[in-house]
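Below are the chains, spelled out letter by letter.
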Amino acid sequence: SILDDLAERADTEQASQDLYGEIRETLDKLRELVSREYHEQLAELYSVAVYQLAGSFEKSVVIQQHENRFQALEQDPMSVRAGKFLKRLFRKAGRAGHALLNLVRRAVNRPEKGYSAPSQQIPLKQLVEYHLFSQQELPRWWINDDERLLLEIILSLEEFLAEFCTSDRSDDEERSELLNLVDQFKDRIEEQQQTLTQELQEDHQAVTKLLLHHIEKAGTFEQGITFYTTNRINRVKTRTSQVLEKHAGKWQEVLDALLEKTSIINEFLAFRNRLYSLSSQFSERVDQYLDHSIFSDLAELDQKIAQIHSELQEIIPKKNDKAQLATLESALAELDGRLTELTQTLGEELEDNKLAGMADSYTEDALLMANEVAEDIIFVHDLKTDRNPPAIDRKTIEWRLLVVRSLKEQVLHKIGPDRQGYVDFVRQRLNELNEVQDVIDVNLRSSIELAQKSGEENPMEIARQALERSRLKLEQLQQAADGKRRAIDAVLTDDLDTFSDKLLNLLHTGNPGDLQIMDAKYRVREKAQDWRTVLKARWARIEDSAALLLRFLQRKARKTRTAISTSLGFRTDRTPEQQQAEIANYLTETDNKVEDLPYIYRRLFNFSEETDRRFYIALNENFHYVKKAYDNWEQGFSATFAVVGEKGSGKTSYLDYAAADIFTDRSYTRFTLEETIWTEEALVRRLAKELNLDGADSVDAAIEQLNRKRKNRIVILESIQNLYLRNLNGYQGLEALLYIISQTKEHMFWIVSCSSYAWHFLHQTTQLADYFSHILETDGLTPQQVESVIMKRHEASGFELLFESNETLNKNRAYRKLMDKEDEAQQYLKETYFEELAKLADGNASIAMIFWLRSIRAYDDIHFYIKPLEVTSLELVEELTPDILFTLAAVILHDTITAGQLSEVLQFTPQESQLILTRLKSRGLLQIKNGNYTLNHLMYRQVVRVLKQRNIIHLY
């Protein structure tokens, strides 16, 4: 039935289902045949059959003993021979006694009696049960026959996938071969069915012969009647069931492993086809780009030059100076204009860098596609099919990592901008085109001057030769462009084939040697465990106690020395000038480090753009909390919802995905307060604009219209920390909003977001939290979630990580004990790094990404080298003056602020406010946009930590 279904699907062209999808369904059905439930039932089925057969016999029968029970046989042991000898003597004595008795009976005229031959009582039902349960080999043979047929089908499917489904086969060829394979197996099944009756007859004869043999012996001294007890039968049944279950279980394990192997090959081929399709699309885009930007324009230009060249040849013999001059001037103007257009277009292409962008996009799509393959697989190798069941070896391998690494090494690195030099290619073509323009311009202008002078030289011949040279350069330019096209196509065909063939061969042949080579870590340097490293690690284990005591004493001595030095005036702090230089260096270094990263890495860790849903990590990831609030509101409960979190903690992303998941069939209005508006009038104007409140010029008028409206019943308002100004009269806007929410919440579902520090400050002043029934904080990702934020993005890049130690870690006794165990040492460094990162980031995802990017010391084609976190960089703003610290606190509490607003908050003069903000911007602590100052996100955590340590800002 499974083969019929496969043949029917393979013989039907279905646009919605490819060949590998059809085989996937077939493998799923085969998996049902080799399921554990089926194999576990085999022993039970055999037991039921035995009981059913034995039940058709009588429980006990009596028969006359066969002559074989008296005559010694060759196979009988000496004890049985002796027993049979005695039985013969007793039988002769019995016969003699019976004959003598008959003589006496005849003498007295009594009738003679017949001789009663020796008989035996046979427990037939129990005998049949015992000896059929003792037949372990026979059902094992039956299992082997069935399972080996399944084995042949699975191996043939694998062979078909691995050997026939190659890149140069068409879909029709693959389907035709699959149909041939199905026909072969149908013939094989029919052949097995035809021989099944004969095999069963032979098995029946063997079993019958066995039972008759034991029936002859049963009830004699050779096999007493007490032998066939219920307990003995149950024991042999249990033993046989265990043997059959174990045997079937081994078959099931082998077939499962081979099915999984075939499925992996099938899925890899499906992935390969998608990759080929992606490569084909990329190749087509490259061809279209080259045709549009180079080939078609050059062909048109070459055709125009050829036309002008032909015109010049016709006019050369005429020697009409005016005609020659007009022709040359016209040719120069036409060609110069056309070449100017071409060089301008090519120059724009050089600035846009479209080829590199297409390559980066292809690389990103290919890596994301590769990231969808199975993370780990069971690698099957050393299959021995001559055994029943076959022997097999397995091991778990990191399949996704192997695919990504091989794809990058074989294809992506070769197609990337660094290897292909797309910018240099376009620049070289532009230079060559400029050369052509120079040749035409200089020569044609010279020809025009010569025509005006009417000299001896033929100006038309000079122009004609110049055009010939120009056409030759254009031909060389086209050849160079065609060479680039062939180089790209070679990577997308030959190298892509090499990548897929290598991995497919690895899966199919299961050669552990190939795996060892391919699964090597591609390390740039080998960390050999020489005797010094081993000795150092062992010595570290020995000196644990001494090292611990020494570190404790050193810490105490250092603290004491620092305290004494400070009290005596010997300890000096850094000057503000040094501090300012360090901040600038820190910011510059961070920007440069990010710019130097590979394209794919910059894309993955660009926290200023919308987060890819696959990489989104949040405390309330399934949005159950906001869904619950919305459901309550729809049921008549006046629910309101607030999202609170630090800058960069994911408030906007949370609202993006919550709105997409929950409000799919409901319209809503969403807007953000980018600037501080703290008056009631400004708030009403903004609400009137966003919510279409015509003529609403007061809070009461806005409330009246909102309660009347039937549209925009869901409002998402972001950044309400921009609705107040921290002075005596600066809360009008916020208080007006809270009043509007309280008066309209029965008819409108309000969702707001606010920064953490502003939220907690405003709750102390206006009881802000009391106005919201549901509050979600996006801060406080766990260390595991922080690690997941980083590693999910990193793993999608395909790079491997090597964590490095520093002087402090090298002195750590726990790490020194692992220095001769590379994998364990790397795991320790990784755990130590992420523990420290979680503390420094305080659960903020974007802050964690900043520190992660700063921790990248270097990278190559395979690895990213991660250095320990720079703890000292957190104190860069420690020694700032109180005025600056309070200014920074105001920026954090208000999110954005102007010089005038800062003047009202801190009671500075406008000039002082502007001066402080300008100084902080020049030092890199602040950024400005549309006249509003906000904190530089690269310095957010450092500033917040210092302000919290100085007790200037709080989270109550």
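Residues numbered from 1 in each chain as written. Predicted model: local features only at pLDDT ≥ 70, side-chain atom pairs only at ≥ 80, totals over all residues. Heavy atoms only, no water.

Caption draft 1: Geometry of the overall build of the protein chain. Per the secondary structure count, the protein chain includes 34 helices and 14 strands. Taking all 956 residues of the protein chain together, 47% fall into the buried category. Sequence separation of 24 or more characterises 79% of the internal contacts of the protein chain that already satisfy a separation of 6 or more. Of the accessible surface of the protein chain, which amounts to about 48900 Å², a share of 48% is contributed by carbon and sulfur atoms. (Helix = DSSP H or I, 4+ residues; strand = E, 2+ residues; numbered from the N terminus. Buried < 20%, exposed > 50% of the residue type's maximum accessible area, 1.4 Å probe, protein only. Contact = heavy atoms within 4.5 Å. Areas by Shrake-Rupley, 256 points an atom, 1.4 Å probe, with all protein chains shown as cover.)

Caption draft 2: Local environment of the pattern of salt bridges. The final tally for this structure, using the stated rule, is 14 salt bridges. With its nearest N and O atoms 2.6 Å apart, the salt bridge here joins D656 to R670. Taken as a pair, D656 in helix α21 (residues 651-662) and R670 in strand β6 (residues 669-672) lie far apart in primary sequence, 14 residues in all. Of the residues examined, R670 reaches a relative accessible area of 26% and is grouped as partly exposed. Residue R708 pairs with E704 through a salt bridge whose shortest N-O separation is 3.2 Å. (Salt bridge = Lys/Arg side-chain N within 4 Å of Asp/Glu carboxyl O.)

Caption draft 3: How the structure looks around the packing of aromatic side chains. In this structure the tally under the stated criterion is 25 aromatic pairs. Grouped by ring-pair contacts, the aromatic residues Y630, W633, F663, Y668 and F749 constitute a single cluster. (Phe/Tyr/Trp six-rings, centres within 6.5 Å; stacked < 30°, edge-to-face > 60°.)

Caption draft 4: Quick peek at the sheet that holds strand β7 (residues 714-718). An order of β6-β7-β8-β5-β9 is seen for the five strands of this open sheet, with the pairing classed as parallel. Two strands bound the open sheet, and with one partner strand each, they are β6 and β9 (774-777). Going from strand to strand, the sheet's axes swing by 15 degrees on average, the running direction of each strand aside. Relative to β7, β6 is paired through four bridges, and the arrangement is parallel. Each bridged residue has a counterpart across the sheet, and for R670 the counterpart in β7 is I716. Across the sheet, helix α20 (residues 624-634) is in contact with β5 (641-645), β7, β8 (749-755) and β9; its angle to β9 comes to roughly 165 degrees. (Pairing = 2+ DSSP bridges. Axes fitted to C-alpha atoms, helices over the stretch in contact; angles between N-to-C directions.)

Caption draft 5: Spotlight on the side chain of S241. Looking at the secondary structure, you find S241 in helix α8 (residues 230-315). A residue is classified by how much of its surface remains accessible, and S241, at 12% relative accessible area, is buried. In contact with S241, other than residues within four places in its own chain, are A43 and S47.

Caption draft 6: Looking closely at the confidence of the model for the protein chain. When the pLDDT values of the protein chain are averaged, the result is 76; 77% of them are 70 or greater. By mean pLDDT, the top-scoring element of the protein chain is β8 (92), and the lowest-scoring one is helix α1 (residues 2-10) (57). Within the model, the stretch residues 521-530 combines pLDDT values under 50 with 21 contacts to residues more than four positions away or in other chains. This model gives residues 570-581 a pLDDT under 50, and the stretch forms 14 contacts once residues within four places in sequence are excluded. (pLDDT = per-residue confidence, 0-100.)

Caption draft 7: Geometry of unusual backbone geometry. Cis geometry is adopted by the peptide bond preceding P389, which originates at N388 and carries an omega value of -5 degrees. Checked against the element boundaries, P389 lands in the loop between β3 (377-384) and β4 (391-397). Residue Q907 is not a glycine yet carries a positive backbone phi of 60 degrees. Relative to the elements of secondary structure, Q907 occurs in the loop between α32 (899-906) and α33 (910-922). The phi dihedral of N930 falls on the positive side, at around 55 degrees, and the residue is not glycine. Mapped onto the elements, N930 comes out in the loop between β13 (926-929) and β14 (932-935). N930 gets classed as exposed once you look at its relative accessible area, which sits at 66%.

Caption draft 8: Structural view of the environment of N511. With respect to the secondary-structure elements, N511 resides in the loop between α14 (459-509) and α15 (512-518). Considered as a pair, N511 and F379 are 132 residues apart in the sequence and their alpha carbons are 9.5 Å apart. Setting aside its immediate chain neighbours within four residues, N511 contacts F379 and L506.

Caption draft 9: Molecular detail of the packing of α32 against α33. Two elements in contact, α32 and α33, have axes whose closest approach is 8 Å; the angle formed by their N-to-C orientations is 115 degrees. As judged from the angle between their axes, α32 and α33 are roughly perpendicular. The two elements α32 and α33 cross, and the hand of that crossing is right-handed. Touching A899, L902 and S903 of α32 are P910, S913, Q914 and L917, all from α33. Here the contact of α32 with α33 is built from residues that sort into four nonpolar, three polar and no charged. (Parallel < 35°, antiparallel > 145°, perpendicular 65-115°, else oblique. Left-handed = near helix turned anticlockwise from the far one by under 90°. Nonpolar A, V, L, I, M, F, W, Y, C, P; charged D, E, K, R; others polar.)

Caption draft 10: Representation of helix α34 (residues 940-949). Counting buried positions along α34 yields seven of 10 residues, so the element is predominantly enclosed. Here α34 has its buried residues at Y940, R941, Q942, V943, V944, V946 and L947. Remark: N951 follows α34 within two positions and exhibits a positive phi of approximately 65 degrees.

Caption draft 11: Representation of the nonpolar core within the structure. The biggest cluster of nonpolar side chains holds 110 residues, and the ones touching the most others in it are F271, L275, F282, W399, L407, L433 and F499. A total of 28 residues in this core trace back to one element, the largest contributor, which is α8. Formed by 105 residues, the second largest nonpolar core is a distinct cluster that contains L604, L818, A825 and Y940. (Core = buried A, V, L, I, M, F, W, Y, C linked by side-chain atoms within 4.5 Å.)

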